[in-house]
Amino acid sequence: MPQKILAGRATDPQLRGDLVQVKVDQVILSRAPSRALAEAIATGMKKTPVEVAVAYDGTCVADASSLADIDEGSPHSVSPEFPTYNIPIARPGIGFPAPVHLERFAAPARLALTDDPRLATVGGIGMLSLVVSPSQLGQALATGSAWLRPPRSVQIHLSGRVRPFVCARDVALELLRRNLDEVVRRIEGEHHAPVILEFAGPSARLLSVGDRAVLCGIAPQVGAAAALFVSDEKTEVFLRDQRRSKAHRALVPDPGAPCEEVVSIDLGTVDPLLMDEEGVVRPVRDLAGKPVAQVVLGGDSGVTLRDMLAAALLLKSKRVPSRLDLLVAPPSRQVLEVLAQSGALVDLVATGARIVEPDRRVVTSEIYPPPPGGLSLRTADPEPRIAGAPSFVVASAETLAYAVATGSVGDPRSFKRPVRVTVPRALPTDDVLILRDKKGEQVSTKKPPPAPAAVPWKGPLTLDVLAGVPKGNGRAAVGARGRKAAAPAEPAAPAAPVAPVVEDDKAQAAPAEGKAVGGVALVLSTLDEVRAVAERATDLSTVRAVVAPFVPSTAVSAFASEGIATFLVGAEALGSIKEQKSVELPAPAQWGDRVAAVFGSERVEVAWLATGMERSWTHAGTVRQPPSASKPAR
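Report follows, based on the coordinates.

Analysis parameters
Residues numbered from 1 in each chain as written. Predicted model: local features only at pLDDT ≥ 70, side-chain atom pairs only at ≥ 80, totals over all residues. Heavy atoms only, no water. Helix = DSSP H or I, 4+ residues; strand = E, 2+ residues; numbered from the N terminus. Buried < 20%, exposed > 50% of the residue type's maximum accessible area, 1.4 Å probe, protein only. Pairing = 2+ DSSP bridges. Axes fitted to C-alpha atoms, helices over the stretch in contact; angles between N-to-C directions. Patch = residues over 30% accessible without salt bridge, like charges linked within 9 Å, V, L, I, M, F, W, Y side chains within 5 Å. Areas by Shrake-Rupley, 256 points an atom, 1.4 Å probe, with all protein chains shown as cover. Salt bridge = Lys/Arg side-chain N within 4 Å of Asp/Glu carboxyl O. Phe/Tyr/Trp six-rings, centres within 6.5 Å; stacked < 30°, edge-to-face > 60°.

### Notes on unusual backbone geometry
Okay, step 1: The phi dihedral of Ser317 falls on the positive side, at around 70°, and the residue is not glycine.
Okay, step 2: Mapped onto the elements of the fold, Ser317 is located in the loop between α10 (305-314) and β15 (325-329).
Okay, step 3: The exposure class assigned to Ser317 is exposed, which follows from its relative accessible area of 69%.
Okay, step 4: Even without being glycine, Tyr368 reaches a positive phi, approximately 55°.
Okay, step 5: Owing to a relative accessible area of 27%, Tyr368 belongs among the partly exposed residues under this scheme.

Right, dumping it as structure tokens:
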């Protein structure tokens, strides 16, 4: 199915070559909207030619820091001039980007580009969503096209029916428990191409679009580029309920279409599961009786409207235990309205729940973090698990309801009987919080943000070696980067180190006298570390290289577009190079498929993962093209 979507939009329908140019239908801006707009304007954009482009402003709880980011034009802010470029703004309070886009904008058999891995959930409606860098998004906004690697597919065959008190969240955890990440990693290593999960089988057509979205949300956690369901009668009904029937297109795989591997799962064998604080998927009974201090019901993934209604029914006439804090974060404004109209919101409030705003920092735990020394249960998928990141337990809405009812972890099948939930068909669809440009009414007097200057690779370079991911959430560096955006960027110099606080204290030591240090090389051990760096690449301006035993193809392309070289190293050499203080790289003209890098006094052959045009992006430090060279795709 992903090949069908790309072939219909590619200049080469056969999808030959390392990269192919494809027409983009939608652009979803969530993590660094202003940076993407700056790149598009620098390319010469006046109005974006893409079918749908939306910028999500996820900062609902405004504070001095967030207001300063907007004033300084930080990459993470959403400035009011977006509508003048034919890019509507989804205002704060509309909900989390993933569920809102699924309801109001996502369309089957289309291609979307985004900077937010959590948008993988829109695959539940049959739309292919791929994560790229802000600079690639800028090119897509300006030209309507992008260069992408042709993907490979892994089919997940679903059969059987789920039992009572087992929902899509449990099925998603079961897939994680079956080591789907190892399958993706092996296929990536064989083909050097992004892997897309395709859900198929008789039970795939029985799932609602909301349940399908929950299953697609696991794609980033296993290293897959995206996940995709068929577009069928269920999809058509969903779009009809959203009053968007015209957006429907059928999407099914061709008979006998090849895939790299098939993973089968019988839904009838799935038990209530949870992902513990270490990221290990276990049966709920393994933690039975453990006291719970915090429950966060809702968020941007892992929960559907049906799940929210079921939790409210299970908690009706119950009371929150004295040592437990129940937070309810409705995924979207539509879900909040349905909960209010059905009386479920009243039941939750009567239970003792606190209704929190759909701020993006809720899912990252920047606000409402897990209490120290207490257990936190949540429905949303976790951020990449790295050292120092907040940890919590992920489980289904019904498992969370049992924890609220009893004050401890337990199997939801201990409830007397399952609840019967009727999801209303008449849904509120008023887009009052979508800000559009109506014939120039939203004219902004503020100047558009400038694009950061590219830092190309020139000659041999010596980089400081940092083991692991820089500490902090990147917000401290945002304002500084925004303030400096107006001036041309310069390579980091030894006299003015700008690397943030890092896990390894030795990495902060000053470089040896006489060495020309040009930035930082990060040595990463796990997929979660790679994901964390890829999501924060716009903040880590001094990073020039990433070295890891596995880097997904989408991350390689995103790094290349930011001028970051990506190298593959064997796991056996990882330990020794982490202990080194610097790495010497030859001039880019000497780079090939293998690059001779010198870590300290040790010479290590590393594989350069960029391919085709990605290599020229790396050397140039940007994917940006001059306005005269940028033309919309036909």
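### A word on the sheet that holds strand β9 (residues 195-200)
As a general point, the strands of a sheet are linked pairwise by backbone hydrogen bonds and lie either parallel or antiparallel.
Okay, step 1: Judged by pairing direction, the sheet is parallel, and its four strands sit side by side in the order β10-β9-β8-β11 without closing on themselves. Of all strands in the sheet, those with a lone pairing partner are β10 (226-228) and β11 (261-266), marking the two edges. Adjacent strand axes in the sheet meet at a mean angle of 20° when their direction is disregarded.
Okay, step 2: Two strands pair when backbone bridges link them, and β9 and β10 are joined in this way by three bridges, in the parallel orientation. Bridged to Ile196 within β10 is Ala226.

### Overview of the pairing of strand β24 (residues 582-585)
Okay, step 1: Inspection of the sheet shows strand β20 (residues 461-467) paired to β24 by four bridges, in the antiparallel sense. Within β24, the residue paired with Leu461 across the bridge is Leu585.
Okay, step 2: Inspection of the sheet shows β24 paired to strand β25 (residues 594-599) by two bridges, in the antiparallel sense. Bridged to Val583 within β25 is Phe599.

### Structural notes on a nonpolar patch on the surface
Okay, step 1: Side chains of Leu336, Val349 and Ile355 sit close together on the surface and give an oily, nonpolar patch of about 210 Å² of accessible area.
Okay, step 2: Summarising the element assignment, Ile355 is placed in strand β16 (residues 354-355).

### Some points on the packing of aromatic side chains
For any pair of aromatic rings, the description rests on two quantities: the centre-to-centre distance and the angle between the ring planes.
Okay, step 1: For the structure shown, the criterion picks out six aromatic pairs.
Okay, step 2: Measuring from centroid to centroid gives 5.5 Å for Phe567 and Trp591, while their planes differ by 70°, and the two rings are edge-to-face. Of the two residues, Phe567 sits in strand β23 (residues 565-568) while Trp591 sits in the loop between β24 and β25, which places them 24 residues apart along the sequence. This pair shows no difference in class: Phe567 is buried, exactly as Trp591 is.

### What about the pattern of salt bridges?
Okay, step 1: Scanning the entire structure with this criterion turns up 36 salt bridges.
Okay, step 2: Glu260 is the salt-bridge partner of Arg152, the closest N and O atoms lying 3.3 Å from each other. Taken as a pair, Arg152 in strand β8 (residues 152-159) and Glu260 in the loop between α9 (233-241) and β11 lie far apart in primary sequence, 108 residues in all.
Okay, step 3: The shortest N-O distance in the salt bridge between Arg333 and Glu337 comes to 3.1 Å. Within this pair, Arg333 and its partner Glu337 are both found in helix α11 (residues 333-342), separated by four residues, close to a single helical turn.
Okay, step 4: Several salt bridges converge on common partners, so that one network encompasses Arg31, Asp116, Arg118, Asp300, Glu383 and Glu535.

### A closer look at the sheet that holds strand β3 (residues 52-56)
Okay, step 1: Pairing is mixed across the open sheet formed by six strands, whose spatial order is β6-β5-β2-β3-β4-β19. The two strands at the open ends of the sheet, each matched to only one other strand, are β6 (128-131) and β19 (434-435).
Okay, step 2: Inspection of the sheet shows strand β5 (residues 111-114) paired to β6 by four bridges, in the parallel sense. Pairing of Leu111 across the sheet is with Leu128, part of β6.

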